[in-house]
Amino acid sequence: MTTVAAFDFDGTLLRGDCLLLFHRLLKGRARVVMDWIRLLPALLAWKSGYRSTAWFKQHYLRTIIAGSNDQRRWQVLEDELPKLLLQRLHPEAVSRLRWHSQQAHRLVIVSASPRDLIRAVARELQAELIATETSSLDSGPPDSRLQLSSANCKGAEKVRRLEAWLGQPLVEVELHAYGDSKGDRELLQAATHPHWRQFTGEIRAYPPDRRIPRGWIAMLGLGLLSLALSGLGRLEPEARQLLLQALQRLPAFLPAIYGMLAMAYLGRYWRWRLLLGAEGIGRWSLEDARGWFSGFALTATPGKLGELSRVADLHQHLGYPRPPLLHAFVAERLCDLIAVGLWLVLLLPSTVVTWIVAQSSWTTLAAVLTVMTILLGLGRWCRQRWRQHLPSGALARACLPAAAVSLGIWGGESVILWLLVQALSPIHAIALDTAVRTYLLSGTAGMLSSLPGGIGVNEGTATLLLTQAGLPAALAFTIAVLRRLCTVWSITLLAIWVRLLQKD
């Protein structure tokens, strides 16, 4: 029986996406940004299901080559792109491909990417190539007439093309299939030896689809909207009128609100790079930022455990080692804890001093000595038992500047709450320190609850604190909910979108 080893390319053999890399090499970063702005309507049409992946790919290819000449495209396709792709191949994937070659198995790359982008790499790896066929990208038709000359080689099309290439059904061959996304599902399901996101001899099937159907998501959204409208309808006419007038003022403040949010998450990425950079891992790049940011897609999980997906994703797609990634993740949480503690001490000094004075001096001294003894003993035990798993000294030293960045992040995000109060109820304007205190205390209550995203607890605490600051209850609740929509839920939706772009 013939043995075949079929490898997906983007995300499996390659760290990243060759189409995005081709775009960057051909146009440069500044023009790439402008191209994506122009692509937004097409991207939304594709993601909403109105247009197919093949349609969007053709549209994207036309956008990429628009305004470039034949000579420049030829240079990128024949020289610059192959060099970059070869540098970005997963070492484990290449090692596994070489193993199959030594076993005299037939090697083939089965990719949805255009043939012109990866043919040189396939030759270098001594593998045959099945890919999406297009008009020639390095010369030929005007941009607007560039066409896909085959079906998009994705999903069931991968199986059909592979069977046509072999000249026999896949059930008659011994197939090792390697893939990393839902576009490889049918190929992995048809394989004798599926290898989902791993390059060992272990068989790992494509995981079952656990996504919530879009219909259920739509029904949930409509249900929440109905509840909101129902609550609005039960308000007194005067209160309802005031609230509607307040909401009409909100759009003028949205640029400032989302500007602050963007600065806060840029600060978070800076902190991430400070911590990983101390370990000599990775660098500032669009791909690194996408991998980091996509982890926020699962922020709304109990205890934020979903963010740990970043460890697996960055290890899988960028080749970063797992232990330093986990250490950096823990260091981020520690920096957040330090920042919140410092802000509360700064904003609630009288409360802290009163509590300390209220304690007996002997009781306080005994408590401090007990805590120090426990911490020292725990530290010594950890060093002895898990020495090889502890973070490096460089990472520990990086926690100091990272904590300073965290202080700015939490302070900056607190301004969003202050802006919302200014937008919706300027006559009830609160001081900036009150906004910071409310943000920190409600956020801490939400985190301690361990509920997904702290939902309910965070909003309830913020409503209570804003009411105590003099805002009407209905307005306080609206601001608390809007603040969450503008921050954590906006980021979660954007991260889900980024994750979908990575997987498709």
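Scroll up for the structure.
> For this particular structure, what's the right way to read the packing of aromatic side chains?
Within a pair of aromatic rings, the relevant descriptors are the distance that separates the centres and the angle that separates the planes. All told, the structure shown has 8 aromatic pairs when counted by the stated rule. Ring centres 4.3 Å apart and planes at 5 degrees place the aromatic pair Phe7 and Tyr178 in the stacked group. Here Phe7, found in strand β1 (residues 3–7), pairs with Tyr178, found in strand β4 (residues 174–179); they are 171 residues apart in sequence, far enough to count as distant. A relative accessible area of 1% places Tyr178 in the buried class. Among the aromatic residues, those joined into a cluster by ring pairs are Phe7, Tyr178 and Phe199. Directly above the ring of Trp99 sits Arg96, whose terminal nitrogen or CZ lies 4.3 Å from the centroid. The ring of Phe329 has Arg333 lying over it, and the distance from NZ or CZ to the ring centre is 5.0 Å.

> Which parts of the structure should I look at to understand the sheet that holds β1?
The pairing of strands in a sheet comes from backbone hydrogen bonds and takes either a parallel or an antiparallel form. The 5 strands are arranged β3-β2-β1-β4-β5 in an open sheet whose pairing can be described as parallel. Each having just a single partner strand, β3 (128–132) and β5 (193–196) make up the two edges of the open sheet. The mean inter-strand angle of the sheet, taken between neighbouring strand axes irrespective of direction, is 15 degrees. Across 4 bridges, strand β2 (residues 106–114) lies against β3 in parallel orientation. Among the inter-strand pairings, Pro114 is bridged to a residue of β3, identified as Thr132. Packed onto the sheet, helix α5 (residues 91–102) meets β1, β2, β4 and β5 and runs at close to 160 degrees relative to β1. Against the sheet, helix α7 (residues 156–166) makes contact with β1, β2, β3 and β4, and its axis sits at roughly 140 degrees relative to β2, the strand it touches most.

> Help me understand the packing of helix α1 (residues 18–27) against helix α4 (residues 70–87), please; the structure alone is not making it clear to me.
Relative placement of two packed helices is described by the angle separating their axes and the distance separating the axes. At a minimum axis separation of 10 Å, α1 and α4 run at an interaxial angle of 125 degrees. The orientation of α1 with respect to α4, classified from their angle, is oblique. Handedness of the α1/α4 crossing: right-handed. In this structure, α1 uses Cys18, Leu21, Phe22, Arg24, Leu25 and Leu26 to contact α4, whose residues at the interface are Arg72, Arg73, Val76, Leu77, Glu80, Leu81, Leu84 and Leu85. Of the residues that constitute the contact of α1 with α4, the class distribution is 10 nonpolar, no polar and 4 charged.

> How should the side chain of His23 be read in this particular structure?
Here His23 lies in helix α1. The contact partners of His23, leaving out residues within four places of it in the chain, are Gly28, Val32, Asp35, Trp36, Tyr60 and Ile64.

> Explain a nonpolar patch on the surface to me, please; I cannot follow it from the model alone.
On the surface, Met263, Leu266, Trp270 and Trp284 cluster together into a nonpolar patch covering about 480 Å² of accessible area. Turning to its location among the elements, Trp284 is positioned in the loop between α11 (254–278) and α12 (286–294). You can call Trp284 partly exposed: its relative accessible area is 48%.

> Mind showing me how you'd approach the pattern of salt bridges here?
For side chains of opposite charge, pairing can occur when their charged atoms come near one another. Applying the stated rule across the entire model yields 19 salt bridges. Among the salt bridges present, the one from Arg106 reaches Glu128, with a minimum N-O distance of 3.5 Å. You can see Arg106 sitting in strand β2 and its partner Glu128 sitting in strand β3, a full 22 residues away along the chain. Because the salt bridges share partners, they merge into one network encompassing Arg271, Glu332, Arg333 and Asp336.

> Looking at this structure, how should I read the packing of α1 against helix α3 (residues 53–65)?
The contact between α1 and α3 brings their axes to 9 Å, and the two run at 20 degrees. Judged on the interaxial angle alone, α3 and α1 are roughly parallel. In this structure, the crossing between α1 and α3 has a hand that is left-handed. Contact residues: Leu19, Leu20, Phe22, His23, Leu26 and Lys27 in α1; Tyr60, Leu61, Thr63, Ile64 and Ile65 in α3.

> Would you mind going over the pairing of β4 with me for this structure?
For a regular strand, side chains alternate in direction, first toward one face of the sheet and then toward the other. By the criterion of burial, β4 is predominantly enclosed, with 5 of the 6 residues buried. Pairing analysis gives 5 bridges linking β1 to β4, with the strands arranged parallel. Counted as the bridge partner of Phe7 is Tyr178 from β4. Both β4 and β5 contribute to a ladder of 4 bridges, which runs parallel.

Criteria and thresholds
- Residues numbered from 1 in each chain as written.
- Predicted model: local features only at pLDDT ≥ 70, side-chain atom pairs only at ≥ 80, totals over all residues.
- Heavy atoms only, no water.
- Phe/Tyr/Trp six-rings, centres within 6.5 Å; stacked < 30°, edge-to-face > 60°.
- Helix = DSSP H or I, 4+ residues; strand = E, 2+ residues; numbered from the N terminus.
- Buried < 20%, exposed > 50% of the residue type's maximum accessible area, 1.4 Å probe, protein only.
- Lys NZ or Arg CZ within 6 Å of the ring centre and 35° of its normal.
- Pairing = 2+ DSSP bridges.
- Axes fitted to C-alpha atoms, helices over the stretch in contact; angles between N-to-C directions.
- Contact = heavy atoms within 4.5 Å.
- Parallel < 35°, antiparallel > 145°, perpendicular 65-115°, else oblique.
- Left-handed = near helix turned anticlockwise from the far one by under 90°.
- Nonpolar A, V, L, I, M, F, W, Y, C, P; charged D, E, K, R; others polar.
- Patch = residues over 30% accessible without salt bridge, like charges linked within 9 Å, V, L, I, M, F, W, Y side chains within 5 Å.
- Areas by Shrake-Rupley, 256 points an atom, 1.4 Å probe, with all protein chains shown as cover.
- Salt bridge = Lys/Arg side-chain N within 4 Å of Asp/Glu carboxyl O.

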